[in-house]
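# Notes for the structure review
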Amino acid sequence: MKYLRYLLLLTTVATFAQKPTLTVETIMQDPKNWVGTSPSSPFWSDDSKTLYFSWNPDKATSDSLYKVTFSTGKTPAPAKPVKVSPTERRALTTPPNFGFNRARTQRLFERQDDLFLVDVKTNAIRQLTNTTEAESSPVFSGDERQAIFRRGSNLFSLDLQTSLLTQLTDFKPGKKKDDAKLTDNEKYLKADQPRLSTVLTERKAKKEEAERIEKADKPQRPKEVYLDDRTLQSPQRSPDGRFITYRLSKNPTNAKTTIVPSYVTESGYTEPITGRTKVGSPVAASEFFVYDITRDTIRTVSLRTVPGIYDKPAFLTEYQKKAKADSAKTRSTAKADTAKKNRPVVINGPVWSDDGKFCVVVLRSQDNKDRWIMQLNLDSLSLTPLDRQHDDAWIGGPGIGSANSAGNLGFLADDHTIWFQSEADGYSHIYTLDLLTKQRKQLTSGQFEVQQAFLSKDKSQFFLQTNEVHPGEQHFYRMAAAGGPRTRLTTQTGANDVTLSPDETRMAIRYSSTNQPWELYSVQLPVTSKQTSLPVKLTDSPTEAFKKYPWREPTLVTIPARDKQAIYARLYKPDPTIRNGKSVVFVHGAGYLQNAHKWWSQYFREYMFHNLLTDAGYTVLDIDYRGSAGYGRDWRTGIYRFMGGKDLTDHVDAARWLVQTQGVDSSRIGVYGGSYGGFITLMAMFTTPGVFKAGAALRPVTDWAAYNHPYSANILNEPQADSLSYRKSSPIYFAEGLRGHLLICHGLIDTNVHAQDALRLSQRLIELKKENWELALYPLEDHGFVEPTSWMDEYKRILKLFNERL
C-alpha cells in the first residue's frame, strides 16, 4: 500500500513537472501560431453535397477557403477537408442561401458585379449580364418571370425568357436644374412679360404644345426622382409590379464629426482620421415613399394613425416636475410648449406575403422606445397597427431588429399569418398574428431567449437556436410552425452554431466548449425525436503546443445580488496548496455581451491570462453583470439611466461573495476590463473605495457624453435632455474618489472610444494631485489591439500591477 502511494505521488509530481508554464509572451503571441485558427463562415453548395468554410491550419498570412464533400448514400460520410483552388473559388455561386425562387429550384446570384441564374438540381449556370456597371441584389419578381436587381441607384427588371431589360426607376443625383428658386423680383418680371408681348405669349403656347406632343409620342418611362442631398435606401418593387417603395435619408449638415490624430505614420506627419459624431448630435432623418407606376405619382406615408406616435419619453416627467417646481418658485408665467409633435421614425420593409396580397412594415422610433409592426395598404397608403412593443428604457433583444432592420419577420405558409419576435413577456420569443382574424399567439415561452429563428423551406416548421437548457448553452431545435413541443437537434454541451444545408438534411455545426476552441462538425438532421446520430468532427485546429497545456474548465456559479437576483459567473479556482488569498475580477466589455457561458470565449486571451493567474494562486471571477446578454429584458435594461449602478453593485456583491465563500482576502482583490469593462473598473476604483485595491482600465469610456449616439442614447437618452443620467454614469466626475492603484491603457488611434477619454481623465487626475495611477498609450492600436507586442506590453503591466499591489 505504501508503495502504491509512493507511485501515485511520483506520478503527480511528474505530471506537474511536465505541465507547461504560461507566460504573458506565450499567451499574447499571434493566435494562429499558438492557439490555432478555428474554422469560420461555413456555407453549403446549392446541391447540399459540399460544405465550404474559411480555415488556416497552415498558419498562413490569411485564411483560405476549404471544403468537405459528402458522399451519397443512406449514411453519407464526409471526406477530409481540402483547400479550394482559386479557379473553383471564383466559380462558386455566392452568397449562399439567398435569391431562391419559391420552389428553391433556381437561384439568382451576383459574381464580379454581374448577374447569374443557376439551376439548383443540375448546377447549370446562365449568365444574365456582362456590363461595366455593377449589378447587385437580384431577386425574383412576384410571378418569377423576371429578375429584379439594382444597377447603380436604380431598379431594373430582366425578363428571364426574352432577356428584355426594363428600367423601373429613374433616381438621379443632385437637384433638377429648373428647380432653382426665383426671388420675388424674378417671379414678378417673369409673370409680367407675357402681358407686354403677344409674340412671347404665342411662342410660349407653341412651345408647350410641342412639348406635350413629344411627351405623348415617347414610350412610358419611370418618373424622374432627384435625390438632392439625400441617400437612397431599400428600393423594392411590389410583387404585382405596380409599386416601388423606397426610403430617402438625409444626414444633418450641422453634425460635427470628431478627428482622431494618428502620430506614427508612413509620411512622418501627424495625420487625421475622420471619426464619428458624439451622442446628442443631430441624426439622419428619413422618409418612406411609395411610387405608384400606374398613376405616375409619388407619395409619403402618413404617421397619424401610429398609436403612441406623439407620446413623450417617460424620463422627461422628472425634468418636467422640476421645471414646474422651479417655475412656481419664481412665479414664472411662461407657458409650456404643448404642441403635439410626432416622434421621428424609420420605416423598414415592406415584407410581402408570397401571394402578394399582404404587405407589412416595421416602424422604429428614433428614440428607440417603440417598435410597431403595421399592415400597409399601398393603394390607400393606410397603416393598420398589428403589434406595438414599447419600452420606457429601449427596445432590444435577439431577433427584434434595429433602426435599420425589421428583425425576424415573415409570413407563414397560409400567406395571411405573420411571425415575429418580441420581448413582450420579458424574453425574446416567437409570436404569430393572423391578419384576417387579428388573432395573436405566442409560440415559445419561458425564462430563456430565442436567439435565432427561421422557417423551413416549406414553411411547415421553425428552426430555432435558444438557451433554454442553461443561459450559458446554445442548442438548435425544430418546432412546428403552429407551435408546440420543440425537438432538440444538438447534443454537445457548449455552443452549437448551426448552418443548415439547403435541402435541410444535414447540419454543419460550429461547436466549442469552455476550454476547446471552435471546430466544425457535421451530422444528419434527425427525422424523428428518437433518431440520434453523433456529430462527426471535420477539423482539428489547435496547435500541438496549445494542446499540451491542461486548460481549465471554469466552474459556472450563481452569486446572489443584493436585490436577490442571481448573477451568473465563471470561477477559476487555484489548487488549494498554492492559493494565496488574492483575487482578480474580470469585467467583460460591450455591455450587452455574454461571457459566463460554456463555450470558447471571444475573450480567449483573457481566458488564457486567467489560467496564468490561477497557476500563480489567484482566484479569478468573471461575471455577467446587469446589462449582459442572454438573460432577458429586465437584465438587459437594468442599467437604464445609470451605468455604474446595478452593473457595478453586481461586481461589489461578487467581490464580497469571494471573501465569504472562496477564502479570498478582502484587502487583496483587483479588477480589470476593457471598453465597458474599463469603464466599470474606473467606477469601481472611484466610487467603491476599499472593495478593489488595484484596477486596470483598458480603453475605457470616461465620459459617456463623448461616446457615440446609438449606444449611449439607448441607455442614457441624450445628454442635452437627460444630463442627470450622464453625470452620475461618467467616471470623470468621480475621479477624486481614487484610493487604490490604477493603470489606464489606451490605443491612440482608437476610433471607437477615443484616446481623448483617457487624456481628459489624466488631466483631471493631475489637477486632483493623484499619484497612484499610470497611463500607457499605444500609438498604432485601435480599439481592438492587433499587434502581439502591444498585447504583451499591456498584460505585463496588468500582471505587474496585481503582483505588486495585491
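The following paragraphs examine the structure supplied in this document. (Residues numbered from 1 in each chain as written. Predicted model: local features only at pLDDT ≥ 70, side-chain atom pairs only at ≥ 80, totals over all residues. Heavy atoms only, no water.)

Attention shifts here to the environment of Ser71. Locating Ser71 in the fold gives a position in the loop between strand S3 (64-69) and strand S4 (82-83). Between the alpha carbons of Ser71 and Thr50 there is a distance of 9.3 Å; along the sequence they are 21 residues apart. (Helix = DSSP H or I, 4+ residues; strand = E, 2+ residues; numbered from the N terminus.)

Considering all chains together, one arrives at 42 aromatic pairs under this definition. An angle of 20° between the planes, with centres 6.3 Å apart, marks the rings of Phe53 and Tyr66 as stacked. Of this pair, Phe53 sits in strand S2 (residues 50-55) while Tyr66 sits in strand S3; the two residues are 13 residues apart in sequence, bridging distant segments of the chain. Assigned by exposure class, Phe53 and Tyr66 land together as buried. Plain terms: the ring middles of Tyr672 and Tyr795 are 6.1 Å apart, the flat faces sit at 85° to each other, and that makes the pair edge-to-face. Remark: Tyr795 occurs in helix H16 (residues 788-805) and Tyr672 occurs in strand S40 (residues 669-674); sequence separation between them is 123 residues. Judged by relative accessible area, Tyr672 falls into the buried class, the value being 0%. (Phe/Tyr/Trp six-rings, centres within 6.5 Å; stacked < 30°, edge-to-face > 60°. Buried < 20%, exposed > 50% of the residue type's maximum accessible area, 1.4 Å probe, protein only.)

Within this structure, the stated rule accounts for three cavities of 30 Å³ or more. Estimates place the volume of the largest cavity at around 40 Å³. Forming the boundary of the largest cavity are Leu489, Thr490, Thr491, Gln492, Asn496, Ile509, Val523, Ser533 and Pro535. By residue class, the composition of the lining of the largest cavity is four nonpolar, five polar and no charged. (1 Å grid on protein atoms, 1.4 Å probe; cavity = no way out; pocket = protein on both sides within 12 Å on 5 of 7 lines; lining within 4 Å. Points joined across faces, edges and corners; volume = space filled by probe spheres on them. Nonpolar A, V, L, I, M, F, W, Y, C, P; charged D, E, K, R; others polar.)

Here we come to the side chain of Gln662. Its location among the elements puts Gln662 in the loop between helix H11 (646-661) and S40. For Gln662, the residues in contact, after removing those within four places along its chain, are Leu571, Lys573, Arg579 and Trp657. (Contact = heavy atoms within 4.5 Å.)

A contiguous nonpolar patch, built from Tyr263, Val264 and Leu780 and spanning about 310 Å² of accessible area, is present on the exposed surface. Residue classification places Leu780 among the exposed positions, given a relative accessible area of 53%. (Patch = residues over 30% accessible without salt bridge, like charges linked within 9 Å, V, L, I, M, F, W, Y side chains within 5 Å. Areas by Shrake-Rupley, 256 points an atom, 1.4 Å probe, with all protein chains shown as cover. Salt bridge = Lys/Arg side-chain N within 4 Å of Asp/Glu carboxyl O.)

Turning next to the nonpolar core. Residues Ile559, Leu621, Phe692, Trp704 and Leu742 are the most contacted members of the largest nonpolar core, which totals 59 residues. Counting residues per element, this core draws most heavily on helix H12 (residues 676-687), which supplies eight residues. Beyond its immediate sequence surroundings of up to four residues, Phe692 is in contact with Val585, His651, Ala655, Ile669, Gly670, Val671, Ala684 and Met685. (Core = buried A, V, L, I, M, F, W, Y, C linked by side-chain atoms within 4.5 Å.)

Axes are the key here: two packed helices are described by the angle between their axes and the distance separating the axes. Where helix H9 (residues 604-615) contacts H16, the two axes come as close as 12 Å, and the packing angle between them is 35°. Of the two possible hands of crossing, H9 and H16 adopt the one that is right-handed. Judged by residue contacts, Arg605, Glu606, Phe609, Leu612 and Leu613 of H9 engage Trp791, Tyr795, Ile798 and Leu799 from H16. Here the contact of H9 with H16 is built from residues that sort into seven nonpolar, no polar and two charged. (Axes fitted to C-alpha atoms, helices over the stretch in contact; angles between N-to-C directions. Left-handed = near helix turned anticlockwise from the far one by under 90°.)

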